[in-house]
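If you want the building blocks of each chain, they are given just below.
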Amino acid sequence: MTHEAPTVLDSLGMSQADLAELRSAVEALERPSLAARLANMAGKPIELIEHALPATASQAITGAVSKALEVALQVALRSMQRRALPGSQRFHKALATASGAVGGAFGLASLPIELLIMLRSIAEIARSEGEDLSDPEAALACVQVFALGGRPGSTDASESGYFAVRAMLAKSVTQAARFIVERGVLEEGGPILVRFITQVASRFGVMVTQKLAAQAIPLVGALGGAAVNYAFVEHFQEMAQGHFTVRRLERAYGKGLVRREYERLAQAH
């Protein structure tokens, strides 16, 4: 996808085309959470979904999520600087289908593979919105997508909204990007890496738990866990599209104006 230079309507505003794209980003980033989407798919209240897994599963999920994110981060920094693939929209859907089949068949054990497939799709979306993935900050922004759109443990938008999540991760992203630029690598297991992964995992782990719980419901399992996994992948693709649209507009108009317009549109949404 290519984007023409924005035509600014006035000294304070955005072009109509860019405003429409920001509106679409708001709709994606502020829509009901993954949990609500899975509840609708399962036809059961979210409270029942959240109790579909045994309490002992939590520790296993936490460990798997942290390890999978660590692998995803290393891949984002070391091997996502290739040329964009053609037919990006078809490519994204093919990746989602493949990931859905893998995740539906193997569940938690497939999470590292699933995340790498998802990450490649997120990277292509980032490129389509003008991101330079040779920039460590842009690569970290791809992994940051896994923290978006969860609303875990809070109904307060000030704690769980899109810009609140970015603010929570901002210091870790800045420190990690600076470290990579200065050293050329991100030290595995180092405190900067651990801090970033822990923050993303705290939100992404909740969403992985919700997905596995939905797949554990007998009716959903009978119909195929791959369908739940497809919804899971699609959710993060939508988060990525919204996230990188906002970042592109910030580069064009400045962060202050984009955030003000975003919040205005979110209040009206």
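Procedures and definitions
Note that residues are indexed from 1 along each chain, following the sequence as it is written. The model is predicted, so local features are restricted to residues of pLDDT at least 70 and side-chain atom pairs to those at 80 or more, both for listing and for counting; the totals for chains, interfaces and linings are taken over all residues. Hydrogens and waters are ignored; side-chain quantities use all the structure's heavy atoms. Segments assigned H or I by DSSP are reported as helices when at least four residues long, segments assigned E as strands when at least two residues long, and all are numbered from the N terminus. Summary of the burial criterion: residues with accessible area below 20% of their type's maximum are buried, those above 50% are exposed, and those between are partly exposed, where the area comes from a 1.4 Å probe applied to protein chains only. Residues count as neighbours in contact if any of their non-hydrogen atoms are within 4.5 Å of one another. Only the protein chains shown count as cover for residues, and the accessible areas themselves come from Shrake-Rupley with a 1.4 Å probe. Each residue carries a pLDDT value, the predictor's own confidence for that position, ranging from 0 to 100. Planes of paired rings set the category: under 30 degrees apart is stacked, over 60 is edge-to-face and the rest tilted, where pairs are Phe, Tyr or Trp rings (Trp by its six-membered ring) whose centres lie within 6.5 Å. A positively charged side chain is recorded as over a ring if its NZ (Lys) or CZ (Arg) lies within 6 Å of the ring centre. The angle to the ring normal must also be within 35 degrees. To get an axis, fit a line to the C-alpha atoms, keeping to the stretch in contact for a helix; angles then go from 0 to 180 degrees between the N-to-C directions. In this scheme, roughly parallel covers angles under 35 degrees and roughly antiparallel covers those over 145, while 65 to 115 is roughly perpendicular and the rest are oblique. Note on convention: the crossing is left-handed when the near helix lies turned anticlockwise from the far helix by less than a right angle, right-handed when the turn is clockwise. Gly is placed with the polar residues, together with every amino acid not listed as nonpolar (Ala, Val, Leu, Ile, Met, Phe, Trp, Tyr, Cys and Pro) or charged (Asp, Glu, Lys and Arg).

Peer 1: Describe the overall build of the chain, listing the residues and the values that go with them.
Peer 2: The number of helices and strands found in the chain is 13 helices and zero strands. From first element to last, N terminus to C terminus, the chain shows the α and β order α-α-α-α-α-α-α-α-α-α-α-α-α. The proportion of buried residues among the 269 residues of the chain is 49%. Restricting to contacts in the chain with at least 6 residues of sequence separation, those with at least 24 account for 80%. Carbon and sulfur atoms form 57% of the exposed surface of the chain, whose accessible area is close to 12,700 Å².

Peer 1: Can you tell me about the confidence of the model for the chain, naming the residues and giving the values?
Peer 2: On average, residues of the chain carry a pLDDT of 77, and 68% of them reach 70 or more. Contacts of residues 4-11 to residues separated by more than four positions or lying in other chains number twelve contacts, the stretch itself having pLDDT below 50.

Peer 1: Describe the packing of aromatic side chains, naming the residues involved and giving the relevant values.
Peer 2: Counted by the stated rule, this structure contains eight aromatic pairs. Ring centres 5.1 Å apart and planes at 75° place the aromatic pair Phe232 and Phe236 in the edge-to-face group. Here Phe236 and Phe232 lie together in helix α12 (residues 225-253), a separation of four residues that amounts to about one turn. Across the pair, exposure class does not vary: Phe232 and Phe236 are buried alike. Among the aromatic residues, those joined into a cluster by ring pairs are Phe146, Phe204, Phe232 and Phe236. Across the ring face of Phe232, the terminal group of Lys211 is positioned such that the distance to the ring centre comes to 4.8 Å.

Peer 1: So what's going on with the packing of helix α4 (residues 57-78) against helix α10 (residues 191-216)? Residues and values would help.
Peer 2: The contact between α4 and α10 brings their axes to 8 Å, and the two run at 125°. Taken together, the axes of α4 and α10 are oblique relative to one another. As for the relative orientation of α4 and α10, their crossing is right-handed in sense. Along the contact surface, α4 presents Ile61, Val65, Ser66, Leu69, Glu70, Leu73 and Gln74, while α10 presents Leu193, Phe196, Ile197, Val200, Ala201, Phe204, Gly205, Val208, Thr209 and Leu212. Of the residues assigned to the contact of α4 with α10, the class counts are twelve nonpolar, four polar and one charged.

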